[in-house]
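# Inside the fold
What follows is each chain in one-letter form.
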Amino acid sequence: MANKILLSLSLIILFGGCQKASDKDRFITDNKIKSDSITIGAIHTLTSKVLNEEREIIISLPVDYEKSKSSYPVLYLTDGFQNIEHVRGSVELLTRTGHIPPLIIVGIKSVDRVRDFTYSQSESQPKSGGAEKFLSFIESELIPYINTNYRANGFNVLEGHSLGGLFAASTLMQNPDLFQAFIIMSPALWWNKEKLTQKAESFFTNHPNLEKKLFFGIGKDESTEDFGMRKELNNFIDVVKENKPKNLLYSHKEFENEGHMSSTLLSNYYGLRYVFSDLKYSDEFIANYSDEVFLKKEDELIAKYGASAKRTGESYYNLGAAIYQRNIAGAITVFKRSVEVYPNDINLITTLAQLYESNSEIVNAINTYEYAIEVSGKNKYGKEESYQKEIDRLKSNSLQQK
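Fair warning: this is a prediction, and the values are worked out from it, not measured in the lab.

### A few points about the overall build of the protein
Counting its regular elements, the protein contains 15 helices and 9 strands. C-alpha atoms of the protein, sized along the principal axes, occupy 90 × 50 × 35 Å. Classification of the 402 residues of the protein by burial places 52% in the buried group. Per element, the accessible surface of the protein, about 18,700 Å² overall, is 47% carbon and sulfur. Computed over 47 positive and 52 negative side-chain charges, the inter-centroid distance for the protein is 3 Å.

See below:
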């Protein structure tokens, strides 16, 4: 029975969804960005009093947004129109597989990057230094609009690349309470002779209780280790290491064979995985498993990231498999949760049925196999006959025992 229970995983989750537009007095919502007839998001035009101009944004909602009542974290994306397609694709993949919770993506169209993404003015760039006003637009106009019109749960992530990465790192220091996490990609830390890095030591020293997650990503082809953007990022990372607040978490990755523009795909992917890496179970938790703590952690996950948040199927499976021999009732609790969040995963359902049988819960085992028949038929897995045989066997054994 143990060998039957420890099956390999094959996650089969199918999603569909649509987008919602609102507040037509302030926004133009007729335009759509589409890829192969799949809606990426709705374009809105915001008249900003702070910036004294119209700014386009694109809002991409989770695929289950219309069907659910959940609230969601929000990813604010600078250079949003340039990056929305690959970001949306990575978010969909990572959400479907349980590596991250579903996200609302808000992409901001770039108008004048030098002006909007730099907090300090450069003598060679007279229009630079407008980032404080751009941040005010985000804080006082954009975020309130999203919070009012969409089910945002207050967990905000800021992502930026190049000058946008400089803006993200600068925003951490300028307004540390506005975002809970930052994905900083190939940041232009050379700006004004690395002025931001020079300010970083005092910032981190003066914020000993800072609790954030920071991800730094860059391509190895962007420069050498000793000169250029990799070197400048390493200089900043050194300051973080030496002055890190105890609750600050960060990760720094360099990507082989990737340049300044191509590295954004991997930086976004690994950045999202790092920001939401608390979805993984720690070795200590597995070693000291209890149902009470497990269910509490699931409740905490939902409270932090929304009712649609879940862990990977592999995480639930590996946890259940790790504790099965010493705590079969606990393994059942884990697999019940896994089936709740992956209702079409036939292997998780089958394993739950086998666990029930192993624990002499025959009625529950039969009910679970009956559910497996429904799932197999709905998804055309072709396993209905084999599951019916398991049901017949269990019923026959029960009659013989009576």
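There's plenty left to go through after this.
### Quick word on helix H12 (residues 328–341)
With 14 residues, H12 should cover 20 Å at 1.5 Å per step; its first-to-last C-alpha distance of 20 Å lies within 8% of that length. Restricting attention to buried positions, one finds in H12 the residues Ile328, Gly330, Ala331, Ile332, Thr333, Val334, Phe335, Arg337, Ser338, Val339 and Val341. Buried residues in H12 make contact with helix H10 (291–305), helix H11 (313–323), helix H13 (346–358) and helix H14 (362–379).

### Focus: the environment of Glu222
Here Glu222 lies in the loop between strand S8 (213–219) and helix H7 (229–243). Using a relative accessible area of 16% as the deciding quantity, one classes Glu222 as buried. The sequence separation of Glu222 and Ser282 amounts to 60 residues, and the corresponding C-alpha distance is 35 Å. Leaving out residues up to four positions away in the same chain, Glu222 has contacts with Ser186, Met229, Glu258, Gly259, His260 and Ser263.

### Focus on helix H6 (residues 191–205)
Each turn of an α-helix holds 3.6 residues, which means side chains three or four residues apart point in the same direction. The terminal C-alpha atoms of H6, which comprises 15 residues, lie 22 Å apart, in line with the 21 Å expected from a rise of 1.5 Å per residue. The inward-facing, buried residues of H6 contact helix H3 (113–117), helix H5 (163–174) and H7.

### Things to note about the pairing of strand S3 (residues 53–60)
Counted residue by residue, S3 has 6 buried out of 8 residues, so it is predominantly covered. Pairing of strand S2 (residues 38–48) with S3 involves 7 bridges; the strand directions are antiparallel. Bridge assignment links Thr47 to a residue of S3, and that residue is Glu54. As consecutive antiparallel partners, S2 and S3 are separated by 4 residues, and within that stretch Asn52 has a phi angle of approximately 60°, a positive value. As judged from the 4 bridges shared by S3 and strand S5 (residues 104–108), these two strands associate in the antiparallel manner. Counted as the bridge partner of Ile58 is Gly107 from S5.

### Some details on the packing of H11 against H12
Axis separation between H11 and H12 bottoms out at 8 Å; the angle between their running directions is 170°. Classified by the angle their axes make, H11 and H12 are roughly antiparallel. The segment H11 lies against H12, with Tyr316, Tyr317, Leu319, Gly320, Ala321 and Ile323 engaging Ile328, Gly330, Ala331, Val334, Phe335, Arg337, Ser338 and Val341.

### A look at the packing of H6 against H7
In contact at an axis separation of 9 Å, H6 and H7 are set at 10° when each is read in the N-to-C sense. Accordingly, the angle class assigned to the pair H6 and H7 is roughly parallel. Here Glu194, Leu196, Thr197, Ala200, Glu201, Phe204 and Thr205 of H6 come into contact with H7, specifically with Glu232, Asn235, Phe236, Val239, Val240 and Asn243.

### A look at the environment of Leu352
Inspection of the secondary structure assignment puts Leu352 in helix H13. The contacts of Leu352, once residues within four sequence positions are left out, are Ile332, Phe335, Lys336, Val339 and Thr368.

### Regarding the pattern of salt bridges
Should their charged atoms come close, side chains of opposite charge can pair. For the structure on display, the rule yields 17 salt bridges. Among the ionic pairs, Arg230 bridges to Glu254, the shortest N-O distance being 3.0 Å. A residue pair is termed long-range when its members are at least 10 positions apart, and Arg230 in helix H7 and Glu254 in strand S9 (residues 249–255) qualify at 24 residues. Overall, the relative accessible area of 25% leaves Glu254 in the partly exposed class. The partner of Arg393 in a salt bridge is Glu390, with the nearest N and O atoms 2.6 Å apart. Of this pair, Arg393 and Glu390 both sit in helix H15 (residues 384–401), 3 residues apart, which is roughly one turn of that helix.

### Overview of the confidence of the model for the protein
For the protein, per-residue confidence averages 91 on the pLDDT scale, and residues scoring 70 or more make up 91% of the total. Residue range residues 1–29 is modelled with pLDDT below 50. Its contacts to residues more than four positions away, or to other chains, number 84 contacts.

### Describing the packing of aromatic side chains
All chains considered together, the criterion is met by 26 aromatic pairs. Arranged with centres 5.7 Å apart and planes meeting at 65°, the rings of Phe117 and Phe134 form a pair that is edge-to-face. Of this pair, Phe117 sits in helix H3 while Phe134 is found in helix H4 (residues 131–149), placing the two residues 17 residues apart along the sequence. On the numbers, 5.9 Å between centres and 65° between planes, the contact of Phe179 with Phe182 is edge-to-face. Comparing Phe179 with Phe182 shows no difference in burial state: the two are buried. Against the face of Tyr65 rests Arg151, its NZ or CZ located 4.0 Å from the ring centre. One residue, Lys253, lies across the ring of Tyr270, its end atom 5.4 Å from the ring centre.

Conventions used here
- Numbers given to residues run from 1 along each chain, matching the order in which its sequence is written.
- Given that this is a predicted model, residues contribute local features only at a pLDDT of at least 70 and side-chain atom pairs are listed and counted only at 80 or more, while totals for whole chains, interfaces and linings are drawn from all residues.
- The side-chain values count all of the structure's non-hydrogen atoms but skip hydrogen atoms and water molecules.
- Under the scheme used here, helices are H or I runs from DSSP no shorter than 4 residues and strands are E runs no shorter than 2 residues, and both carry numbers assigned from the N terminus.
- Under the scheme applied here, a residue whose accessible area is under 20% of the maximum for its type counts as buried, over 50% as exposed, and between as partly exposed, the area being computed with a 1.4 Å probe on protein chains only.
- Working definition of accessibility: Shrake-Rupley area with a 1.4 Å probe, residue cover restricted to the visible protein chains.
- Residues scored as charged are limited to Lys and Arg (positive) and Asp and Glu (negative), so that His and the chain ends carry no count.
- Just so you know, the charge point we use is NZ for Lys, CZ for Arg, CG for Asp and CD for Glu.
- How far a helix is expected to stretch is found by multiplying one less than its residue total by 1.5 Å.
- The contact definition used throughout considers only heavy atoms, calling two residues in contact when any of these lie within 4.5 Å.
- Strands are labelled as partners when DSSP assigns at least two bridges between them.
- Lines fitted to the C-alpha atoms define the axes, with helices restricted to the stretch that makes contact. Angles between their N-to-C directions range from 0 to 180 degrees.
- These descriptions rest on fixed angle ranges, namely under 35 degrees for roughly parallel, over 145 for roughly antiparallel, 65 to 115 for roughly perpendicular, and the rest for oblique.
- The salt bridge criterion pairs a side-chain nitrogen of Lys or Arg with a carboxyl oxygen of Asp or Glu, the two atoms within 4 Å.
- The quantity called pLDDT is the predictor's confidence in a given residue, expressed from 0 to 100.
- When the centres of two rings from Phe, Tyr and Trp lie within 6.5 Å, Trp using its six-membered ring, the rings pair. Their planes under 30 degrees apart give stacked, over 60 give edge-to-face, and anything left gives tilted.
- Placement of a charge over a ring requires the Lys NZ or Arg CZ to be within 6 Å of the ring centre, with the centre-to-atom vector within 35 degrees of the ring normal.

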